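Structural overview for review
One letter stands for each residue in the lines below.
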Amino acid sequence: MLVSLNWLKEYVEIDGISPEELADKVTRSGIEVDNVEYVAENSSNVVIGYVESCEKHPNADKLNLCQVDVGEEKLQIICGAPNVSQGQKVAVAKPGAVLPGNFKIKRAKLRGIESNGMICSLQELGFDEKHIAKEYAEGIFVFPEDAPVGESVEPLLNSTDAILEFDLTPNRADCLSMLGVAYEVGALLDKPVNLPSEEVHAGEEKAADYISVKVEDEKLNPYYGAFVIKDVEIKPSPLWMRNYLLAAGIRPINNVVDITNYVLLEYGQPLHAFDYDRLNSKEIVVRTAKQDETIVTLDDVERTLNPENLVITNGQEPVALAGVMGGANSEVTSDTKNILLEAAYFDSVSVRKTVKATGLRSESSTRFEKGIDPNRVKHAGLRACHLLEKYAGGKVLEGVVEFDTLDRSEKEVDIDTETINNRLGTDISSDEIAKILERLQFNFDRNEDRFKVYAPSRRGDITIFEDMLEEVARIYGYDNLPFTLPTGTATAGGLTKRQLLRRAVKNYLEGVGLLETRTYSLTSEAYIQKLVSNEVKTLNPEPISLAMPMSEDHKYLRLSILPELLKTVSYNLARNQYNLSYYEIGSIFVTNEKDLTKQPDEQLRLSGVLTGKWLEHLWQMENKKVDFYLVKGIVEGLFEHLELPLTVNQAQLSYMHPGRTASLMLNGKEIGFMGQLHPALEKEMDLKETYVFDINMETVLEEHHHEPSYTQIPRYPSVTRDIAFVLDNDVHAGVVQATISEVGAPLVKQVNVFDLYKGENLPEGKKSVAYNLLYQDPEKTLVDEEVEKSYQEIIQAVNEKYNAYVRS
Amino acid sequence: MQEQLKAIQQEALAKVQEVNNLKELQAIKVSYLGKKGSLTQVLRGMGKLSPEERPIVGEVANQVREAITNAIEEKNTTLENAALEEKLQAEAIDVTLPGRPTKVGGPHLLTKVIEEIEDLFIGMGFEVREGPEVETDYFNFEALNLPKNHPARDMQDSFYITNELLLRTHTSPVQARTMKEYKGEKAFKMICPGKVYRRDTDDATHSHQFTQIEGLFVDKDVKMSDLKGILNLFAKKMFGEERNIRLRPSFFPFTEPSVEMDISCKVCQGEGCSVCKGTGWIEILGAGMVHPKVLEMGGYDPKVYSGFAFGMGPERIAMLKYGVNDIRQFYLNDSRFLKQFHQA
């Protein structure tokens, strides 16, 4: 809502307070003022002048030589504006005037002839484009004939006006009207509100003889009032009205339309003027539209309607979309003589449905949607009649033809001083509360510390105690509330075990060198099925798509974090960032329902992607690239950190490298995978060699029960032995390692691989894997015979199981 | 014999003086003091001396031995020190060459901000709760006093999946879920961070996915001044002790009264500048006293219980605190962005 302060002054006194101060006051106690704007920049010494004569400049085709009466003197001025002519009243910057941009007007000679001043356009007077009516966009501004010659142009042009932009919250629809703003400002400044005149000199003729009103659904349209005004003269509305409309952001059209818009802004009540003669009927019937019924609205667009849309008809066909826009068939034109003025109350939900269906949103519909004041509907009609009589020469007929089932009652809200102070933490007296209610101009009955408040119908947002609590608090001032801390029940704050563990996982990953990312949960059709972990696939997940996606890129709820994570890798590669180690913890959304009837499972997953060099800027050392075993080391380290047994097996998964992919198992449950992306996918996504891991965090969190307890540190020395086996190439080192651990138990505490060799001195198809074994007996010092015996058992077992022999 | 000893001493000391490596010094030591050394040879002749002469010569012999031994040891130390010095000099390295890098990772800026806020409120007795990102219409709207046909729940503003399910548009449903879980009996303080989604076109100030942190405190006799006190503590810890707060009236369907909280602008110290659009204040969060209908739907009797709630956007806070000027940076994951914030 744009609030012109000059206009506001008609209803409430705001002298002695600057626009900025007022904006701050309003912001602090009720409604955020987003902006303070002035209609025009400052200029001085610009007066109204009368063009006594206007002739062509003898030495220039496009210039005119004008003699202008500016009251005390007559000035010869050369003017280049195309629309200047004899008999006009114009804005004259006299010599010595200063226009915006510090442009000083001096006497000058133009093509040999003296020019003593300048006839100004509104642009030259510093008006913003939006405050200039269309007809004066090119050329000079022309005042009405009655403009006083020699006087300053400022009052007539409203050029010193300041406009406050109110950012209204949905509950404060009352301030979608100048009167509502006046009540608000009046309460803040403790000033009364002056209501405008609704005086009408109705004639003998009765409106009821010209029109009847029938409403089919009183719920959708509880009030419809029809006023008839005859013999209007369509012409421009008065300059002050045009200025106020421009200030409020509405383009002036003609006096009749401008008056309905003016009252809409003044009272917050939408009105509509029909050309009575073009209605072609003596009745108004308000009903819901028939399926596929059409109407051409004022913007010349044909709208197809349905029974959810309320229409105003002439008994036959629609003449307006109720509360939204009038029809072209009954539009007021320059030939209009007689008017039917509608002042009605339409149900907000019904108007919203029509707005949604047609995509039409207007000043009217906005107000109906947010709710209007039931007590102002008829008054707004009367106010418009008053103005039509005054500024359109109309004759208002006796009476309003109305359908009326409107509830105009005021809501009663009981408040008391004690509860108010308890809720606010304040010590406000009952007298102070009474004073606040008076400032708000709310009626109330007081019984010592108890009040019965009659919330005015303009404030539809006030229905319960808490609403009044807010009114008292904001007028009392939030700055005046003390700072206190809760004194009630003590509560222990903290993180849950799950949250703590998640932080531990994050700390580990960041400690080993990964950066956390945050990607979108919504992905595209092309990626929704990619890189979904096998154990998620066994749940038969159905992709979940949005009912109305904004784009194809963000249409499905992700089944894996990886695709969006890989997109960020592509993004970085395209910007020459080649070495990336990223991880993300977030939810995937799993359901097996085709049509969702309940919430999907939200499964927390941990995904990572690594590519390029692991370490950068090394000297004298190899620039190590990310490879499978580096990533595996990070994953293994995580499970070691969590004291959880991880098993890694060779596996296959679509979009993954067939020979470099492993499944991750925890206590017999598959929990994810890791490995290198399939080169085909790498190519498709413009990636280089890329490794990923993807882990079901739900299972990890569930399986984690580690409570550390002290184990005696061994007092006896340990013994290490190395052993190298020659194995067939397809025998997995990890499997042999497991056999060694198993056979060597309990003396063998650790088995570690320390070398892998293929090539010279080994037969074709063979490899040598060297293990380091750690023997330890917690009870005594080991003797050589024991170790040797175990060692031989291991050799034998590995030999039998894998056809392996010891490499000498 | 005494002359002989003196001569040996003189000769030995001269040799020790001249020697300049440890090996030769050792040879000198052996040639005088060793079993076959010249001093030892001479002393072997002591037996032939008279009992009167023996102690006198013996004393001289000891003096000579001591003098030679001392000289050798002293020289030894000197030579050893010199050798060590030489070795250390040879071992000198260029300490200005770079160290071997270790990999350094770190949290996302939003996580950093969220965890900082979590820890602040944990310190004030708040628990941290979470809820589903796919919400029911009931918890996302209805239980928060946003009945059907409320303008704020327009299909245009939310990502609906079905008529009853949508991506949550705020973390407020966790408020409703928490109240339901505590069955209208337990006083509690909680915050709930999480991802939320709205139908916004991504640009410098909008993102279809973003994060929120909401807080809720329900107890008997919770006052609006308590809200002001808690928010003041939070603002000072989060933005600096010298920051002030102010509350302005606002509107949210789930609180009444509703307020917005501003903090005094850090850039201009409240004087007014381009960052705060000349007002001296910067909007940080929305808050209010829990609407009685919300308490009631959560199973709490609004006659007995009251509460306050607040909600803020970690993106906005991160943008203000760290000067990030485009919300999309949080979701592009440009490594040059991420690496700016991984320090402690």
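Keep in mind it's a predicted model, so treat the numbers as computed, not measured.

1. Focus: the overall build of chain B
- When you go through chain B residue by residue, the secondary structure sums to twelve helices and nine strands.
- Relative to a compact globule of 344 residues, whose C-alpha radius of gyration would be 20 Å, chain B shows 43 Å and is clearly more extended.
- Overall, the C-alpha framework of chain B stretches about 130 × 45 × 45 Å when taken along its three principal axes.
- For chain B, buried positions account for 55% of its 344 residues.
- When contacts within chain B are restricted to residue pairs at least 6 apart in sequence, those whose partners lie at least 24 apart make up 67%.
- Carbon together with sulfur atoms contributes 51% to the accessible area of chain B, which is approximately 16,100 Å² in total.
- Between the averaged position of the 44 positive side-chain charges in chain B and that of its 49 negative side-chain charges there is a distance of 3 Å.

2. Looking at the overall build of chain A
- Across its full length, chain A carries 22 helices and 41 strands.
- The C-alpha atoms of chain A give 42 Å as radius of gyration, which overshoots the globular expectation for 808 residues (28 Å, by more than 25%).
- The principal-axis extent of the C-alpha atoms belonging to chain A is close to 130 × 80 × 60 Å.
- Buried positions account for 54% of the 808 residues belonging to chain A.
- Long-range contacts, defined as pairs at least 24 residues apart, comprise 70% of the intrachain contacts of chain A with a sequence gap of at least 6.
- Element-wise, carbon and sulfur atoms account for 47% of the exposed surface of chain A, whose accessible area totals about 36,700 Å².
- For chain A, the distance from the average position of its 85 positive side-chain charges to the average position of its 128 negative side-chain charges is 3 Å.

3. A look at the sheet that holds strand 13 (residues 212-215) of chain A
Residues and elements named next belong to chain A.
- Ordered by their spatial adjacency, five strands build an open sheet running 13-16-19-20-21, and the pairing between neighbours is mixed. Each edge of the sheet is formed by a strand with only one pairing partner; in this case those strands are strand 13 and strand 21 (325-326).
- Here two bridges tie strand 20 (residues 318-321) to strand 21, and the two strands are oriented antiparallel to one another. Opposite Leu 321, over in strand 21, you have Met 325 as the bridge partner.

4. Comments concerning the interface of chain B and chain A
- With 96 residues of chain B at the contact, the number on the chain A side is 90 residues.
- Of all residues in chain B, B:Lys103, B:Lys228 and B:Pro249 give up the largest surface area on contact with chain A, accounting jointly for 9% of the area buried on that side.
- At the junction of chain B with chain A, the criterion picks out five salt bridges.
- Here A:Glu32 ties to B:Arg248 by a salt bridge, and the two come within 3.4 Å at their closest N and O atoms.
- Linking chain B with chain A are 43 residue pairs in polar contact (both at pLDDT 80 or more).
- Sort the elements by how many residues they give to the side of chain B that touches chain A and helix 8 (residues 224-239) of chain B lands first, with eight residues.

5. Quick notes on the environment of A:Leu666
- On the secondary structure map, A:Leu666 appears in strand 35 (residues 656-666).
- The spacing of A:Leu666 and A:Leu481 is 185 residues in sequence and 57 Å in space, taken between C-alpha atoms.

6. Here we look at the sheet that holds strand 41 (residues 805-806) of chain A
Residue and element names in this part refer to chain A.
- Taken together, the four strands give an open sheet; going across it, the order is 39-40-38-41, and neighbouring strands pair in antiparallel fashion. Only two strands of the sheet have a single neighbouring strand rather than two, namely strand 39 (748-757) and strand 41.
- Summarising the sheet, strand 38 (residues 719-728) and strand 40 (residues 766-775) pair through ten bridges and their orientation is antiparallel. Bridge pairing in strand 40 places Leu 727 opposite Lys 767.
- Relative to the sheet, helix 21 (residues 733-744) contacts strand 38, strand 39 and strand 40, its axis offset from that of strand 40 by approximately 35 degrees.
- Across the sheet, helix 22 (residues 784-802) is in contact with strand 38, strand 39, strand 40 and strand 41; its angle to strand 38 comes to roughly 15 degrees.

7. Re the environment of A:Leu382
Residue and element names in this part refer to chain A.
- In this structure, Leu 382 sits in helix 10 (residues 377-391).
- Separated by 183 residues in sequence, Leu 382 and Glu 199 place their C-alpha atoms 7.5 Å apart.
- When sequence neighbours within four positions are dropped, the list of residues in contact with Leu 382 reads Glu 198, Val 200 and Phe 227.

8. A look at the pattern of salt bridges
- Evaluated as defined, the whole model comprises 69 salt bridges over all chains.
- Between A:Glu703 and A:Lys669 there is a salt bridge whose closest N-O contact spans 2.6 Å. Of the two residues, A:Glu703 is situated in helix 20 (residues 697-703) and A:Lys669 in strand 36 (residues 669-677); the sequence distance between them amounts to 34 residues.
- Judged by relative accessible area, which is 38%, A:Lys669 ranks as partly exposed.
- Residues B:Lys148 and B:Asp137 are paired through a salt bridge, measuring 3.3 Å at the closest nitrogen-oxygen approach. On the criterion of sequence distance, the pair formed by B:Lys148 in the loop between helix 6 (137-140) and strand 3 (165-167) and B:Asp137 in helix 6 is long-range, its members being eleven residues apart.
- Given the relative accessible area of 45%, B:Lys148 is considered partly exposed.

9. Some details on helix 5 (residues 239-247) of chain A
Residues and elements named next belong to chain A.
- With eight of nine residues buried, helix 5 is to be regarded as a mostly interior element.
- Regarding helix 5, the residues found buried are Leu 239, Met 241, Arg 242, Asn 243, Tyr 244, Leu 245, Leu 246 and Ala 247.
- Of the residues flanking the end of helix 5, it is Gly 249, one or two places downstream, whose phi is positive at about 90 degrees.

10. Notes on unusual backbone geometry
- Following A:Ala745, the chain continues to A:Pro746 via a peptide bond in cis, the omega torsion being 0 degrees.
- With respect to the helices and strands, A:Pro746 occurs in the loop between helix 21 and strand 39.
- Cis geometry is found at the peptide bond from B:Glu256 to B:Pro257, where omega equals -5 degrees.
- Looking at where B:Pro257 falls in the secondary structure, it is placed in strand 7 (residues 255-264).
- Positive phi, normally seen in glycine, also occurs at A:Gln441, with a value near 60 degrees.
- Among the secondary structure elements, A:Gln441 is positioned in the loop between helix 12 (430-440) and strand 26 (443-447).

11. A few points about the packing of aromatic side chains
- Counting across every chain of the model gives 28 aromatic pairs over all chains.
- Summarising the aromatic geometry, the rings of B:Phe330 and B:Phe337 are spaced 5.9 Å apart at their centres and angled 85 degrees between planes, so their arrangement reads as edge-to-face.
- Pairwise contacts between aromatic rings join B:Phe121, B:Phe126, B:Phe217, B:Phe234, B:Phe239, B:Phe308 and B:Phe310 into one cluster.
- Above the plane of the ring of A:Tyr183 lies A:Arg458, whose end atom (NZ or CZ) is 3.5 Å from the centre.
- Geometry around A:Tyr571 places A:Arg575 over its ring, the cationic atom sitting 3.6 Å from the centre.

12. Examining the packing of helix 1 (residues 2-18) of chain B against helix 2 (residues 22-33) of chain B
Residue and element names in this part refer to chain B.
- The contact between helix 1 and helix 2 brings their axes to 10 Å, and the two run at 170 degrees. Here helix 1 lies roughly antiparallel to helix 2, going by the angle between them. Facing helix 1, whose interface residues are Ile 8, Glu 11, Ala 12, Lys 15 and Val 16, helix 2 presents Leu 25, Ile 28 and Tyr 32.

13. Topic: the pairing of strand 4 (residues 188-197) of chain B
Residues and elements named next belong to chain B.
- Summarising burial for strand 4: ten of the ten residues are buried, a large majority.
- The side-chain alternation of strand 4 yields two buried faces, one formed by Phe 188, Met 190, Cys 192, Gly 194 and Val 196 and the other by Lys 189, Ile 191, Pro 193, Lys 195 and Tyr 197.
- In the sheet, strand 1 (residues 127-128) pairs with strand 4 via two bridges, with the strands oriented parallel. What sits directly across from Glu 127, in strand 4, is Met 190.
- Bridge analysis of strand 4 against strand 5 (residues 209-220) gives ten bridges, and the strand direction is antiparallel. Bridging from a neighbouring strand, Lys 189 pairs with Phe 217 of strand 5.

14. Description of the state of the cysteines
Residue and element names in this part refer to chain A.
- Within this structure, the stated rule accounts for zero disulfides over all chains.
- Cysteine Cys 120 shares no disulfide, and the gap to the nearest cysteine sulfur, in Cys 79, comes to 9.0 Å.
- A relative accessible area of 0% places Cys 120 in the buried class.

15. Observations concerning the packing of helix 1 of chain B against helix 4 (residues 53-90) of chain B
Residues and elements named next belong to chain B.
- It is the contact of helix 1 with helix 4, at a shortest axis distance of 10 Å, that shows an interaxial angle of 0 degrees. Classed by the angle they form, the pair helix 1 and helix 4 counts as roughly parallel. Contact with helix 1, carried on its side by Gln 2, Leu 5, Lys 6, Ile 8, Gln 9, Ala 12, Leu 13, Val 16 and Gln 17, involves Ile 56, Val 57, Val 60, Ala 61, Val 64, Ala 67, Ile 68, Ala 71, Ile 72 and Lys 75 of helix 4 and no other residues of that element.
- Across the contact of helix 1 with helix 4, the residue classes tally to 14 nonpolar, three polar and two charged.

Quick notes on the rules
- All chains use their own residue numbering, which begins from 1 and follows the written sequence.
- Here chains are named by letter from A upward and ligands by number from 1 upward, in the order in which they appear as written.
- For this predicted model, a pLDDT threshold of at least 70 governs which residues receive local features, and a threshold of 80 or more governs which side-chain atom pairs are given and counted, while totals over whole chains, interfaces and linings are taken from all residues.
- Calculated side-chain values reflect all of the structure's heavy atoms, with hydrogen atoms and water omitted.
- Here a strand is any run of E in DSSP of at least two residues, a helix any run of H or I of at least four, and the numbering for each starts at the N terminus.
- Note that the radius of gyration is over C-alpha atoms, with the globule rule given as 2.2 Å times the number of residues to the power 0.38.
- Throughout, exposure labels follow a simple rule: accessible area from a 1.4 Å probe, protein chains only, divided by the maximum for the residue type, with under 20% read as buried, over 50% as exposed, and the rest as partly exposed.
- Residue contacts follow a heavy-atom distance rule, with two residues in contact if any of their heavy atoms lie within 4.5 Å.
- Note that accessible areas follow from Shrake-Rupley with a 1.4 Å probe, and for residues the cover is restricted to the protein chains shown.
- For the purpose of charge, His is not counted, nor are the chain termini; Lys and Arg are scored as positive and Asp and Glu as negative.
- Working definition for charges: the position is that of NZ of Lys, CZ of Arg, CG of Asp or CD of Glu.
- Only strands joined by at least two bridges in the DSSP assignment are considered to pair.
- Buried area: the accessible surface (1.4 Å probe) lost by two parts on joining, summed over both.
- In the sections that follow, a salt bridge refers to a side-chain nitrogen of Lys or Arg positioned within 4 Å of a carboxyl oxygen of Asp or Glu.
- Under the rule applied, a polar contact is a pair of N or O atoms within 3.5 Å (in protein, one hydrogen donor and one hydrogen acceptor; residues adjacent in sequence only if both atoms are side-chain atoms).
- For helices, the fitted axis covers only the stretch in contact; all axes are lines through C-alpha atoms, and the angles between them, taken along N-to-C directions, range from 0 to 180 degrees.
- When the centres of two rings from Phe, Tyr and Trp lie within 6.5 Å, Trp using its six-membered ring, the rings pair. Their planes under 30 degrees apart give stacked, over 60 give edge-to-face, and anything left gives tilted.
- As a reminder, the over-ring test applies to NZ of lysine and CZ of arginine, requiring each to be within 6 Å of the ring centre and within 35 degrees of the ring normal.
- Here the word oblique covers every angle except those under 35 degrees (roughly parallel), over 145 (roughly antiparallel) and from 65 to 115 (roughly perpendicular).
- Two cysteine sulfur atoms form a disulfide, by the criterion used here, when they sit within 2.5 Å.
- Each residue gets one label: Ala, Val, Leu, Ile, Met, Phe, Trp, Tyr, Cys and Pro are nonpolar, Asp, Glu, Lys and Arg are charged, and the others, such as Gly, are polar.

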